[in-house]
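# Topology and contacts: notes
So the chains spell out like this:
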Amino acid sequence: MALEHALLVSLRERAASGSELTRRFDKSFGYFWSATHQQIYRTLARMEADGWLTSTVVPQQGKPDTKVYDVSPVGEKILAAWLTEPPATTPLRSDLAVKLRGASFADDRAGVLDMARGQRAEHEARAAAYRQMLARQFPHPEDLPDADLDRYLVLRAGVRVEEGWIGFLDEYLSTHERRAAGVRAKEA
């Protein structure tokens with residue numbers, strides 16, 4: 001996925017200034033698609049130059065004027081076409097998975113296990129944050145209109161991904177803990 005498409009989706013939900021879009025990315029889109037503020041502003045300028053977006057300058061008191069972006073008819077067509085294209089199948093790309101695969105080469109197995117415990121805690125925290133968002137933003141998912149239902153289901157997918165990592169890390173850690181306990185028992 002290109003950043004352009006993520007921005008088109010966000011702007012189809014609601015027109016926004018560049019600063020508002022960066023906040024949205026920090027609070028929602030950023031959980032599954034990351035971009036720096038500089039990338040967002042550069043991409044908005046290019047999309048406007050390419051005719052995908054329109055903008056309106058909004059005067060502000062005591063601050064510089066701001067540009068509010070919206071999706072143009074050209075951008076709407078581009079987004080509609082992109083939404084029906086099959087996504088590229090992206091293989092798992094994870095530093096954590098590579099580290100755990102190579103853990104037997106570490107000088108400090110306990111340090112690797114501590115790192116894995118820390119990663120598990122991060123995934124648990126992210127899953128909890130997603131669950132909080134679900135409860136706060138979608139208390140009655142059965143009554144949601146289509147656009148909100150789509151956002152709800154993507155957020156549910158985020159919970160499931162985090163739960164998958166938590167389950168994997170639980171298995172990894174408990175397997176190594178049982179093995180270490182067995183080695184200690186044989187040595188005693």
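Residues numbered from 1 in each chain as written. Predicted model: local features only at pLDDT ≥ 70, side-chain atom pairs only at ≥ 80, totals over all residues. Heavy atoms only, no water.

With that out of the way, let us pick up the UniProt feature "domain: Transcription regulator PadR C-terminal" (unreviewed entry) in the protein. The UniProt record annotates "domain: Transcription regulator PadR C-terminal" (unreviewed entry) at residues 92–175. Helix makes up 79% of residues 92–175 and strand makes up 0%, while its end C-alpha atoms are separated by 22 Å. (UniProt positions renumbered as here; feature names shortened; annotations may be inferred. Helix = DSSP H or I, 4+ residues; strand = E, 2+ residues; numbered from the N terminus.)

Oppositely charged side chains can form a pair if their charged atoms are brought close together. Going through the model one piece at a time under the given rule, you end up with 14 salt bridges. Residues Arg14 and Glu20 are paired through a salt bridge, measuring 2.9 Å at the closest nitrogen-oxygen approach. Among the ionic pairs, Arg117 bridges to Asp114, the shortest N-O distance being 2.8 Å. A residue pair is termed a helical-turn pair when its members lie 3 or 4 positions apart in one helix, as Arg117 and Asp114 do in helix α6 (residues 109–137) at 3 residues. For Arg117, a relative accessible area of 36% corresponds to the partly exposed category. In this structure, a network of salt bridges that share partners links the residues Arg120, Glu124, Arg131, Glu163 and Asp170. (Salt bridge = Lys/Arg side-chain N within 4 Å of Asp/Glu carboxyl O. Buried < 20%, exposed > 50% of the residue type's maximum accessible area, 1.4 Å probe, protein only.)

For helix α2 (residues 18–27), the full list of buried residues reads Gly18, Leu21, Thr22, Arg24 and Phe25. The arc that holds every buried residue of α2, seen down its axis, measures 160 degrees, which confines them to one face. Buried positions along α2 lie against α1 (3–13), β1 (16–17), α3 (37–49) and β3 (66–71). (Arc of directions from axis to C-beta. Contact = heavy atoms within 4.5 Å.)

Moving on: the packing of aromatic side chains. Scanning the entire structure with this criterion turns up 3 aromatic pairs. On the numbers, 6.1 Å between centres and 50 degrees between planes, the contact of Phe168 with Tyr172 is tilted. Of this pair, Phe168 and Tyr172 both sit in helix α7 (residues 146–187), separated by 4 residues, roughly a single helical turn. Taking the relative accessible area as the measure of exposure, Tyr172 reaches 12% and is therefore buried. A connected cluster of aromatic rings, assembled from ring pairs, spans Trp165, Phe168 and Tyr172. (Phe/Tyr/Trp six-rings, centres within 6.5 Å; stacked < 30°, edge-to-face > 60°.)

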